[in-house]
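# Reading the structure
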Amino acid sequence: MPAIYKKIASVTVGAGGQANIDFTSIPSTYTDLILYVSMREESTNTSVCYLKFNNTTSNLTTRYLRGNGSTASSGTGTTIDFLTNSNLADASQFSNAYFYIPNYAGSTNKSAMSDTVVENNVTSTPDVFQNMAAHLWSNTAIINQITIYIASGDIAQHSTATLYGISKS
């Protein structure tokens with residue numbers, strides 16, 4: 001059976017930025033969720049964004065593989081995070097992230113996977129980072145809210161996030 005993608009909601013950050021992007025009242029009628037993010041942050045303090053389900057950061061584990069073309073690293077964590085461009089990057093460059101969340105409405109713990117890339121073509125320090133990760137939220141609740149946020153600072157203007165539901169025909 002082919003999968004059917006249906007846009008649930010899309011957010012584009014306006015002038016002045018905003019602290020987070022929220023998708024609320026996510027219906028439980030799909031089998032899986034996909035979240036696409038294109039963003040940058042207004043701060044120079046950090047280059048990490050976070051995702052939380054149902055407004056909680058508890059019971060999260062992550063295993064990641066990260067590389068920049070010359071070195072690679074791997075590790076574990078207790079957040080769902082992804083790299084993003086700060087305001088030190090070229091103004092037209094936004095990071096991209098993809099999250100796949102299967103069985104989000106099931107009665108078991110929730111898994112997710114992410115693939116993110118950050119490109120910074122500033123002449124003095126060109127960088128490209130790629131991050132792939134597996135995430136587990138040890139909670140059996142239906143995911144009905146997803147929040148994208150930065151620990152300090154705001155998500156920059158023109159950043160976008162789009163949430164899709166997947167159903168099988």
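Here is a short report on the structure shown in this document. Computed from a predicted structure; not experimentally measured. (Residues numbered from 1 in each chain as written. Predicted model: local features only at pLDDT ≥ 70, side-chain atom pairs only at ≥ 80, totals over all residues. Heavy atoms only, no water.)

### A look at the overall build of the protein
Tallying secondary structure elements over the protein gives 0 helices and 12 strands in all. When the elements of the protein are put in sequence order from the N terminus, they spell out β-β-β-β-β-β-β-β-β-β-β-β. The buried share of the protein, taken over its 169 residues, is 38%. Considering only intrachain contacts with a sequence separation of at least 6, the fraction spanning at least 24 residues in the protein is 77%. Of the roughly 8,200 Å² of accessible surface on the protein, 50% is carried by carbon and sulfur atoms. (Helix = DSSP H or I, 4+ residues; strand = E, 2+ residues; numbered from the N terminus. Buried < 20%, exposed > 50% of the residue type's maximum accessible area, 1.4 Å probe, protein only. Contact = heavy atoms within 4.5 Å. Areas by Shrake-Rupley, 256 points an atom, 1.4 Å probe, with all protein chains shown as cover.)

### Quick notes on the packing of aromatic side chains
Under the defined criterion, the tally for this structure stands at 6 aromatic pairs. Ring centres of Tyr36 and Tyr98 lie 5.4 Å apart, and the angle between their planes is 50 degrees; on these two criteria the pair is classed as tilted. With Tyr36 in strand β3 (residues 32-39) and Tyr98 in strand β8 (residues 95-102), this pair connects stretches of sequence that are 62 residues apart. Taking the relative accessible area as the measure of exposure, Tyr36 reaches 38% and is therefore partly exposed. Ring geometry for Phe82 against Phe99: centres 5.4 Å apart, planes inclined by 75 degrees, an arrangement best described as edge-to-face. Linking Phe82 in strand β7 (residues 80-83) with Phe99 in strand β8, this pair joins segments that are 17 residues apart in sequence. The class of Phe82 is buried, set by a relative accessible area of 1%. Among the aromatic residues, those joined into a cluster by ring pairs are Tyr5, Tyr36, Tyr98 and Tyr164. If you follow Arg40 out to its NZ or CZ, it ends over the ring of Phe94, 5.7 Å from the centre. The ring of Tyr149 has Lys52 sitting right over it, with the charged end atom 4.9 Å from the ring centre. (Phe/Tyr/Trp six-rings, centres within 6.5 Å; stacked < 30°, edge-to-face > 60°. Lys NZ or Arg CZ within 6 Å of the ring centre and 35° of its normal.)

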